[in-house]
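Observations on the model geometry
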2 protein chains.
Amino acid sequence: MNKCFISRRRRLCNLLQEKGLEVLIITQPANLYYLTGFTGEAGALVAMRAEAALIIDGRFTVQAREEARGVSIRLQKSTLPEAVGRFLRAARVKRVGYDPAALSVAQFRELRRAAGGGRVWRELSGLVEGLRAQKDPSEIAQIRNAARLASNVLIDILKLLKPGVREFEIAAEIEYQMRRRGASGPAFQTIVAFGERSALPHARPTGRKLGKKELVVLDLGAILGHYCSDITRTVFVGRAPERIRHWYRAVREAQAAAVAAARAGVECGEVDGAARRVLAGYRLDRYFVHSTGHGLGLEVHEEPRVAQGQKQRLKPGSTITIEPGVYVPGTGGIRIEDDVAVLPEGSEVLTRVPRDFIEL
Amino acid sequence: MNKCFISRRRRLCNLLQEKGLEVLIITQPANLYYLTGFTGEAGALVAMRAEAALIIDGRFTVQAREEARGVSIRLQKSTLPEAVGRFLRAARVKRVGYDPAALSVAQFRELRRAAGGGRVWRELSGLVEGLRAQKDPSEIAQIRNAARLASNVLIDILKLLKPGVREFEIAAEIEYQMRRRGASGPAFQTIVAFGERSALPHARPTGRKLGKKELVVLDLGAILGHYCSDITRTVFVGRAPERIRHWYRAVREAQAAAVAAARAGVECGEVDGAARRVLAGYRLDRYFVHSTGHGLGLEVHEEPRVAQGQKQRLKPGSTITIEPGVYVPGTGGIRIEDDVAVLPEGSEVLTRVPRDFIEL
């Protein structure tokens, strides 16, 4: 993997040169990993044209030396912003890029104070995120592995959906099965929602028991080899009433339309629109209360946003979720989610669980 | 619980009044829960003298109505900072407090732009965190429950430490056992470090197998009823060499000294110093590369910091970890950690696992 970190830093340096900057300050953990291999949860990378310095606290010294080869490691002796500021002052750099979305008002002030006067501060949002949004084939392979793992766990877990089981028991089993298959953990807090709780798109598992004749939403993802997956299926325990089947058909069709729309060159808003138009045809669009999807990779939510009005275009290497849903407060909700990698020609659906309505 | 949220909001309003502010903007999820009961991972509370408004996106509408009683719920139709800004403009408030550590440079700019001119912006860091740092008896009871749960899991897991088992298998078992006992999840990524990997204070579990005659560091915590616990024990598989026993004795003694020092009225730096002095007596202080502890509650790391030079004084209700360690790169590390609640008289150690050196 060493080589890929070097080539990513080189691409970043070329971007900096294009923009007339000497350095870029990077603090988001996923960006630190992407550029150096460092997996600590805190630190700052000062990316410069010729080299890069990773500034970290004492907890991470050994880890940084092991993981971030080819990068100079510096131990912070104060807060992180102050240490970065002092480093910039000592390095006498003039034009400094930073991401205003990644530094708090307080951190930025401390950084500037420690860096001293005479520096030009330039905002550069999402530069590394932009590189990350376009996955190379080895990254897509990692996400595929994470997606297969989550798919297999989801299929196995369906057997445990018997009346009387509790939401948090199913969530515990899901995360345990992920770990047993080598995941470093869940990519986000696993959602297990029974009955009317399925109407909450972000329901946290509770002690609620599964009844007879109820909806079940399972939304889970695994981190495997640093990359995330994210899959949702909605099933019914017992025989579903016609109204639920109708909703399911609508979501199934909306999801398929959005998956089909996800191709290189298409605007993200168009993919969202494809799902939304189908639901509007069923007069269910007002129950679709979130966006159609999001990029996924080192983080479970990353660029691009697959939402209304998003002009950003998909490219080969874009890897996104497609997850429309319908949520009827007090009654229940349905969501179907897959992970899709955009290829030079067409796309590949990375998650592998049947999408037909399952009645258990 | 409803009543406690109301009384917390009232205490916050009194603070605002003292400081001559009309509103405070709150965005940290733990603060949102503390003041309203809302458990969504995004949103903003605008705390005003007479009322409070919770601004959230469509994913959380139903959940917010269920959880945040007595608070007016508003659906954001744009980004969160823009929605908060528009709300402030419509409410015609003049003096607005915000936390510079909780808003990014970009968020704050968007917020100010949407709020329009004529407003006075006042920085107020850590106001809610200050309230949270002093736990009431029902909060200490929650942390005690979370600490007991983690303690029981740790004791049970020791049986699984046999040569050949992998770090991530033990981590999976730990988190599964937590969930089975009702935890909503781990309070942080569980640390399981074998052999020389125990020298990494923040080691992530890998596929490394446990050998014969090796150190094992287990650092785990559970979230139960929204509150966190955090416990570490270091054991030896086989009979430990004298050097390891010597290190263990030093850490054990340092930890006991810091626990004894943790009393109402004592400066946090003093508690850290108590541990550090013992290790200096053993000439091991240079291997103690982090601070002695941190507050814990709704978050696993919160106020106060138990670190060198911290002048903040412990109060009845302060709940902290005490976790000195010794880390010898390439060889191994030892850490012992307990959770301690400071009481009006003395303190209570909430975690319950023997601290004597265990050789398995």
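What you are looking at is a predicted structure, and each value in this text was computed from that prediction instead of being measured.

Rules used throughout
- Throughout, a residue's number is its position along its own chain's written sequence, starting from 1.
- Working convention: letters from A go to chains and numbers from 1 go to ligands, in the order in which they are written.
- Reporting in this predicted model follows two pLDDT cut-offs: at least 70 for local features of residues, and 80 or more for side-chain atom pairs to be given and counted; totals over whole chains, interfaces and linings ignore these cut-offs and use all residues.
- To get the side-chain values, all heavy atoms of the structure are used, and hydrogens and water are removed first.
- The helix and strand labels rest on DSSP assignments: H or I over at least four residues marks a helix, E over at least two residues marks a strand, and numbering proceeds from the N terminus.
- Within these notes, the globule rule equals 2.2 Å times the number of residues to the 0.38 power, and the radius of gyration is based on C-alpha atoms.
- Relative accessibility thresholds used throughout: buried, under 20% of the residue-type maximum; exposed, over 50%; partly exposed, between the two (1.4 Å probe, protein chains only).
- By definition in these notes, contact holds between two residues if any of their heavy atoms fall within 4.5 Å.
- All accessibility values rest on the Shrake-Rupley procedure with a 1.4 Å probe; residue burial counts only the protein chains present in the view.
- For this count, His and the chain ends are skipped, Lys and Arg are scored as positive, and Asp and Glu as negative.
- Where a charge sits is defined by one atom per residue type, namely NZ (Lys), CZ (Arg), CG (Asp) or CD (Glu).
- Residue ranges assigned to the domains are those given by an automatic or database domain assignment.
- By definition, the buried area sums, over both parts, the 1.4 Å-probe accessible area that each loses when the two are put together.
- The term salt bridge refers to a side-chain nitrogen of Lys or Arg lying within 4 Å of a carboxyl oxygen of Asp or Glu.
- Whenever two N or O atoms come within 3.5 Å, that pair is a polar contact, provided that in protein one can donate a hydrogen and the other can accept it, and provided that, for residues adjacent in sequence, both atoms are side-chain atoms.
- Put simply, Ala, Val, Leu, Ile, Met, Phe, Trp, Tyr, Cys and Pro go in the nonpolar bin, Asp, Glu, Lys and Arg in the charged bin, and everything else, Gly too, in the polar bin.
- Superposition of the copies used a least-squares fit over C-alpha atoms from residues whose pLDDT is at least 70 in both.
- Each patch is built from residues that are more than 30% exposed by relative accessible area and take part in no salt bridge. Like charges join if they lie within 9 Å; nonpolar side chains (Val, Leu, Ile, Met, Phe, Trp, Tyr) join within 5 Å.
- Buried Ala, Val, Leu, Ile, Met, Phe, Trp, Tyr and Cys residues form a nonpolar core when they are joined through side-chain atoms within 4.5 Å.
- Expected span of a helix, by definition, is 1.5 Å for each gap between consecutive residues, and there is one gap fewer than residues.
- In this description, one arc is meant: the one made by directions from the helix axis to the C-beta atoms.
- The definition used for a disulfide is geometric: two cysteine sulfur atoms within 2.5 Å.
- Paired strands are those between which DSSP finds at least two bridges.
- Only the stretch in contact is used when a helix axis is fitted, and all axes are lines through C-alpha atoms; the angle between N-to-C directions ranges over 0 to 180 degrees.

**Digging into the overall build of chain A**
Within chain A, the secondary structure is distributed over ten helices and 20 strands. The globule rule puts the C-alpha radius of gyration for 360 residues at 21 Å, and the 23 Å found for chain A is close to it. By the burial criterion, 58% of the 360 residues in chain A qualify as buried. Sequence-distant contacts, at least 24 apart, represent 67% of the contacts inside chain A between residues at least 6 apart. Counting every atom, chain A has about 14300 Å² of accessible surface; 50% of that belongs to carbon and sulfur. Counting 56 positive and 40 negative side-chain charges, chain A places the centres of these two groups 3 Å from one another.

**Digging into the domain arrangement of chain A**
Residues and elements named next belong to chain A. Domains assigned within chain A are domain 1 (2-132) and domain 2 (137-359). A buried area of about 620 Å², summed over both sides, lies between domain 1 and domain 2, and 55% of it is on carbon and sulfur atoms. By the criterion of area lost to domain 2, the three top residues of domain 1 are Ala30, Tyr33 and Arg132, representing 64% of everything that side buries. The interface formed by domain 1 and domain 2 holds three salt bridges in total. Two residues, Glu302 and Arg132, come together in a salt bridge whose shortest N-O distance is 2.8 Å. For the pair domain 1 and domain 2, the interface holds two residue pairs in polar contact (both at pLDDT 80 or more). At the level of elements, helix 2 (29-36) and helix 6 (127-133) are the ones that each hand at least two residues to the side of domain 1 that touches domain 2. For the side of domain 1 that touches domain 2, the leading source of residues is helix 2, giving three residues. Here the residues of the side of domain 1 that touches domain 2 sort into three nonpolar, one polar and three charged.

**Notes on the relation of the copies chain B and chain A**
For the pair chain B and chain A, the best superposition has an RMSD of 0.0 Å and corresponds to a rotation of 180° with a translation of 0.0 Å parallel to the axis. On this basis, the relationship between the two copies can be described by a two-fold rotation axis. If distances are taken from each C-alpha of chain B to the rotation axis, the shortest is found for Ser104 of chain B, at 1.9 Å. When you check the interface residues of chain B against chain A, 100% turn up at the interface there too, and the contact is symmetric in its surfaces.

**Quick word on a positive patch on the surface**
Positive charge collects at one region of the surface, where Lys19, Arg49, Lys94, Arg95 and Arg122 of chain A lie side by side. As for its placement among the helices and strands, Lys19 of chain A is situated in the loop between helix 1 (2-18) and strand 1 (23-26).

**Comments concerning the nonpolar core**
Leu12, Leu24, Ile26, Phe38, Leu45 and Leu54 of chain B are the most contacted members of the largest nonpolar core, which totals 39 residues. Of all the secondary-structure elements, those providing two or more residues to this core are helix 1 (2-18), strand 1 (23-26), helix 2 (29-36), strand 2 (44-48), strand 3 (52-56), helix 6 (127-133), helix 7 (137-157) and strand 11 (227-228) of chain B. Here this core gathers at least three residues from each of two domains, domain 1 (2-132) and domain 2 (137-359) of chain B. Setting aside residues no more than four positions away along its own chain, Phe38 of chain B makes contact with Leu32, Tyr33, Leu54, Ile56, Phe60, Gln63, Ala64, Glu67 and Ala68 of chain B. Core analysis: the next-biggest nonpolar cluster, separate from the first, contains 34 residues, Phe5, Leu32, Phe60 and Ala64 of chain A among them.

**Focus: helix 7 of chain B**
Taking 1.5 Å of rise per residue, the 21 residues of helix 7 of chain B would be expected to cover 30 Å, and the 30 Å separating its terminal C-alpha atoms lies within 8% of that figure. Among all positions in helix 7 of chain B, only Glu139, Ile140, Ile143, Ala146, Ala147, Leu149, Ala150, Ser151, Val153, Leu154 and Ile157 of chain B are buried.

**Focus on the environment of Arg144 of chain A**
All names here are of chain A. Residue position: Arg144 is located in helix 7 (residues 137-157). Classification of Arg144 as partly exposed rests on a relative accessible area of 24%. For the pair Arg144 and Asp339, spaced 195 residues apart in the sequence, the C-alpha separation amounts to 8.6 Å. Arg144 has contacts with Glu348 and Leu350, leaving out every residue within four places of it along the chain. Polar contacts involving the side chain of Arg144 include one to the side chain of Glu348, which spans 2.8 Å.

**What to know about helix 9 (residues 242-261) of chain B**
Residue and element names in this part refer to chain B. If you check helix 9, its first and last C-alpha atoms are 29 Å apart, about what 20 residues at 1.5 Å a residue would give, namely 28 Å. Those residues of helix 9 not exposed but buried are Ile244, Trp247, Tyr248, Ala250, Val251, Ala254, Gln255, Ala258, Val259 and Ala261. All buried residues of helix 9 project into a common sector of 165° when viewed along the axis, lining one side.

**Focus: the state of the cysteines**
Applying the stated rule across the entire model yields zero disulfides over all chains. The thiol of Cys268 of chain A is not disulfide-bonded; the next cysteine sulfur, from Cys228 of chain A, is found 18 Å away. With a relative accessible area of 1%, Cys268 of chain A lands in the buried category. In this structure Cys4 of chain B is not part of a disulfide, and its nearest cysteine sulfur, from Cys13 of chain B, lies 15 Å away.

**Side note on the sheet that holds strand 6 (residues 120-123) of chain A**
All names here are of chain A. Across the sheet, which stays open at both edges, the six strands sit in the order 4-3-2-1-5-6 with mixed pairing between neighbours. Edge strands, defined here as strands with exactly one partner in the open sheet, are strand 4 (72-75) and strand 6. When the angles between neighbouring strand axes are averaged without regard to direction, this sheet yields 25°. The pairing of strand 5 (residues 95-98) with strand 6 spans four bridges and is classified as parallel. The residue of strand 6 that forms the bridge with Gly97 is Arg122. Contacts from helix 2 reach strand 1, strand 2 (44-48) and strand 3 (52-56) within the one sheet, and its direction differs from that of strand 2 by about 50°.

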